[in-house]
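Understanding the architecture of this molecule
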Amino acid sequence: MIKEQNISFPNFLEDDFTLEWHMSRNERYAFIKLLEKTRPKVAIEIGCFKGGSLEVLSKYADKVYSIDINPEVKEKLDGKFSNVDIRIGNSSEVIPQILKEIEEKGEVLEFVLIDGEHTVKGVKNDMTHFLHIQPKSNIHIVFHDSFNPICRRGMKKADYTSSPFVHYVELDFISGVFNPGKLYRQMWGGLALVLLKPEKRVGNIKINECQRKIFNTVYWKSVHPVRDKLMFLKPLIKKQKF
Ligand SMILES: C[S@@+](CC[C@H](N)C(=O)[O-])C[C@H]1O[C@@H](n2cnc3c(N)ncnc32)[C@H](O)[C@@H]1O
């Protein structure tokens, strides 16, 4: 009898992918299917952690560059995947270096997973690097945690109109989760998808939020409005002289 009951398990993929993977069951299925369909020549991952999503990327992509700020990640995972190049550093510095290398080597980037710094600025900046490139092929950019209000704000701050190669933006490609595990009344998970194409788009680009009503409803039941208010007040409180 299956006793475990949470957002990730059981998923009946446990024998195929064994490393700790921070995605819910529905995210895992979607992530695997997207990679199975796209079979990218080159993929970049931002936020490697314990290698869960990297294990899937390594299976379906010819080559993967994986970035993490924590050096222990490389110590633990180095040599585990023959097609993976782990780079340690802040994504704000490492992404431009890797994009330059890919260009110089004539490689073809076709897939990106952004799952690194979960701040408004971090998310916006990670996404913005990819809005400066001219794609040689379709690039699927998957962003994890689009259901988290802070990350979602970062996703919305990226200027998608600045790239003529952006053809699709959906923040609720896969919906997120509420109250997962010990994260009391918090909103996490969710996959956003941004599609870049080599040809220029015709017309404007819209940030789709097909599950916006679910997001808004859950938001007001969550801890996030109070947190957001405190974040907003923090700089004002600091400025006060008593
Ligand atoms: C949520 S975990 C990634 C989970 C992984 N993608 C998975 O699905 O199992 C986030 C990772 O991003 C890394 N990280 C946080 N800020 C970063 C930054 N500025 N640059 C690069 N990596 C960062 C953390 O060290 C952590 O390992």
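Here, every reference points to the structure presented above.
The rules behind these values
- Within each chain, residues carry numbers counting from 1 in the order of the written sequence.
- Given that this is a predicted model, residues contribute local features only at a pLDDT of at least 70 and side-chain atom pairs are listed and counted only at 80 or more, while totals for whole chains, interfaces and linings are drawn from all residues.
- Side-chain metrics in this entry use all non-hydrogen atoms of the structure; hydrogen atoms and water are not considered.
- Strands here mean DSSP runs of E at least two residues long; helices mean DSSP runs of H or I at least four residues long; both are numbered from the N terminus.
- The globule rule is 2.2 Å times the number of residues to the power 0.38, and the radius of gyration it is compared with is taken over C-alpha atoms.
- Exposure classes here rest on a 1.4 Å probe applied to the protein chains alone. A residue is buried below 20% of its type maximum, exposed above 50%, and partly exposed in between.
- Only heavy atoms enter the contact rule, under which two residues are in contact if any of them lie within 4.5 Å.
- Surface accessibility follows the Shrake-Rupley procedure with a 1.4 Å probe radius. Residue values consider only the protein chains on display as shielding.
- Neither His nor the chain ends is counted toward charge; the positive residues are Lys and Arg and the negative residues Asp and Glu.
- For charged residues, the charge sits on one atom: NZ in Lys, CZ in Arg, CG in Asp, CD in Glu.
- The aromatic pairing rule takes the rings of Phe, Tyr and Trp, using the six-membered ring of Trp, and pairs them if the centres are within 6.5 Å, calling planes under 30 degrees apart stacked, those over 60 edge-to-face and the rest tilted.
- Think of it as a cone above the ring: NZ of Lys or CZ of Arg counts as a charge over the ring if it is within 6 Å of the ring centre and within 35 degrees of the ring normal.
- Buried residues of nine kinds, namely Ala, Val, Leu, Ile, Met, Phe, Trp, Tyr and Cys, make up a nonpolar core once their side-chain atoms join them within 4.5 Å.
- The criterion for a residue being near a molecule or strand is simple. One of its heavy atoms has to lie within 4 Å of it.
- Under this definition, polar contacts are N or O atom pairs within 3.5 Å; protein pairs additionally need one hydrogen-donor-capable and one acceptor-capable atom, and for neighbouring residues in sequence, both atoms have to be side-chain atoms.
- Charged residues are taken to be Asp, Glu, Lys and Arg, nonpolar residues to be Ala, Val, Leu, Ile, Met, Phe, Trp, Tyr, Cys and Pro, and polar residues to be all remaining types, Gly included.
- By convention in these notes, a salt bridge is any Lys or Arg side-chain nitrogen within 4 Å of a carboxyl oxygen on Asp or Glu.
- Any two strands with at least two DSSP-identified bridges between them are counted as paired.
- To obtain an axis, a line is fitted to C-alpha atoms, over the contacting stretch when the element is a helix, and the angle between two such axes runs from 0 to 180 degrees between their N-to-C directions.

**Regarding the overall build of the chain**
When helices and strands are tallied, the chain shows eight helices and eight strands. For 242 residues, the compact-globule formula gives about 18 Å, and the C-alpha radius of gyration of the chain, at 18 Å, lands near that figure. With respect to the principal axes defined by its C-alpha atoms, the chain has extents near 55 × 55 × 40 Å. The proportion of buried residues among the 242 residues of the chain is 50%. Partitioning the contacts of the chain with sequence separation of at least 6, the portion at a separation of at least 24 is 69%. About 13,400 Å² of surface is accessible on the chain, with carbon and sulfur atoms providing 54% of the total. Here the chain contributes 38 positive and 31 negative side-chain charges, whose respective centroids are spaced 8 Å apart.

**Details of the packing of aromatic side chains**
All chains considered together, the criterion is met by six aromatic pairs. Measuring from ring centre to ring centre gives 6.1 Å for Phe 17 and Trp 21, while their planes differ by 70 degrees; the resulting arrangement is edge-to-face. Residues Tyr 219 and Trp 220 carry aromatic rings whose centres are separated by 5.0 Å and whose planes lie at 80 degrees to one another, so their mutual orientation is edge-to-face. Assessed through its relative accessible area of 13%, Tyr 219 is described here as buried. In textbook terms, an aromatic cluster arises when at least three aromatic residues are bridged by ring pairs, as seen for Phe 17, Trp 21, Phe 31 and Phe 111. A cation over an aromatic ring shows up here: Arg 152 above the ring of Phe 215, its NZ or CZ 4.2 Å from the ring centre.

**Concerning the nonpolar core**
Core analysis: the biggest nonpolar cluster contains 32 residues, and Ile 44, Leu 109, Phe 130, Ile 141, Met 155, Tyr 160 and Val 194 have the highest contact counts within it. If you tally residues by element for this core, the top one is helix H4 (residues 91–105), at five residues. Not counting chain neighbours up to four residues away, the residues in contact with Phe 130 comprise Ile 44, Ile 46, Ile 95, Leu 99, Leu 109, Val 112, Ile 114, Ile 141 and Leu 196. Counting 29 residues, the second-largest nonpolar core is a separate cluster that includes Phe 17, Met 23, Leu 35 and Ala 61.

**Looking at the site of the ligand**
Looking at the ligand, there are 17 residues lining it, with Gly 47, Ser 53, Asp 68, Ser 91 and Asp 115 nearest. In the environment of the ligand, a nitrogen atom lies 2.8 Å from a nitrogen or oxygen atom belonging to the side chain of Ser 53. Contact between the ligand and Asn 90: a nitrogen atom at 3.1 Å from a side-chain N or O atom of the residue. Against a free-state accessible area of 610 Å², the protein chains account for coverage of 87% of the ligand. Classifying every residue of the shell around the ligand by side-chain character gives four nonpolar, eight polar and five charged.

**Details of the pattern of salt bridges**
Inspection of every chain in the model, using the stated rule, returns 15 salt bridges. Between Lys 50 and Glu 20 there is a salt bridge, with the nearest N and O atoms lying 3.6 Å from each other. One end of the pair, Lys 50, is in the loop between strand E1 (42–46) and helix H2 (52–60); the other, Glu 20, is in the segment before helix H1 (25–38), and 30 residues separate them in sequence. Classification of Lys 50 as partly exposed rests on a relative accessible area of 40%.

**Examining helix H5 (residues 120–130)**
Residues spaced three or four apart along an α-helix face the same direction, because each turn holds 3.6 residues. All of the buried residues in H5 are Val 120, Gly 122, Val 123, Asp 126, Met 127, His 129 and Phe 130. The inward-facing, buried residues of H5 contact E1, H4, strand E4 (109–114), strand E5 (139–144), helix H6 (149–157) and strand E7 (187–196).

**Description of the sheet that holds E1**
Overall, mixed pairing links the eight strands, which are arranged E3-E2-E1-E4-E5-E7-E6-E8 in an open sheet. Edge positions in the open sheet fall to strand E3 (84–88) and strand E8 (207–208), since each of these has one partner strand only. Together, E1, E4, E5 and E7 form the strand contacts of H5, whose direction differs from that of E4 by roughly 175 degrees.

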